[in-house]
Amino acid sequence: MKFLYEFSKMLKWLSNNFLKLLVMTFLIIIIFILIALMIPFLHFLDFFYETISNFYDFFEELEKIFDDLKWDSIIPDKKDEV
């Protein structure tokens, strides 16, 4: 008899909370689907960010090379030519 009483309590709890469990399950599934769809899109945006970052690094390195270059040895002063 105690088993039926416990079973009825479980069924009552399930009937009270079934909608909550169902909604939470669907929300979790939807969140996983959204994450699965967003990952390729974020990788695509990361490709553009990486490309822009590489261009920035290239120009930064080019500027560093120009700053280190000794211009006097390449282009002499006009005073020396006269």
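Note: the structure precedes this text.
All of the points below concern the structure found in this document.

About the thresholds
- Per chain, residue numbering runs from 1 following the sequence as it is written.
- Thresholds applied to this predicted model are a pLDDT of at least 70 for local features of residues and 80 or more for the giving and counting of side-chain atom pairs; totals over whole chains, interfaces and linings are not thresholded and use all residues.
- Derived side-chain values reflect all non-hydrogen atoms in the structure, with water molecules and hydrogen atoms excluded from consideration.
- Helix and strand assignments follow DSSP, with helices taken as H or I runs no shorter than four residues and strands as E runs no shorter than two, numbered in order from the N terminus.
- Burial here depends on accessible area, computed with a 1.4 Å probe over protein chains only, as a share of the maximum for the residue type. Under 20% is buried, over 50% is exposed, and the range in between is partly exposed.
- The accessible surface values rely on the Shrake-Rupley method and a 1.4 Å probe; as for residues, cover is taken only from the protein chains in view.
- Patch criteria: residues need more than 30% relative accessible area and no salt bridge. Like-charged residues are merged within 9 Å; nonpolar side chains of Val, Leu, Ile, Met, Phe, Trp and Tyr are merged within 5 Å.
- For this document, the term salt bridge refers to a Lys or Arg side-chain nitrogen within 4 Å of an Asp or Glu carboxyl oxygen.
- Charged residues are defined here as Lys and Arg on the positive side and Asp and Glu on the negative side; His and the ends of the chain fall outside this count.
- Throughout, a charge is located at the NZ atom of Lys, the CZ atom of Arg, the CG atom of Asp or the CD atom of Glu.

1. Some thoughts on the overall build of the chain
Point 1. Summing up its helical and strand segments, the chain has 3 helices and 0 strands in all.
Point 2. Reading the chain from its N terminus to its C terminus gives the helix and strand order α-α-α.
Point 3. Across the 82 residues that make up the chain, the buried fraction comes to 1%.
Point 4. As displayed, the chain offers around 8500 Å² of accessible surface, 74% of which is attributable to carbon and sulfur atoms.

2. A closer look at a negative patch on the surface
Point 1. A cluster of acidic side chains, namely Asp57, Glu60, Glu61, Glu63, Asp67 and Asp68, defines a negative patch on the protein surface.
Point 2. With respect to the helices and strands, glutamate 63 occurs in helix α1 (residues 2-68).

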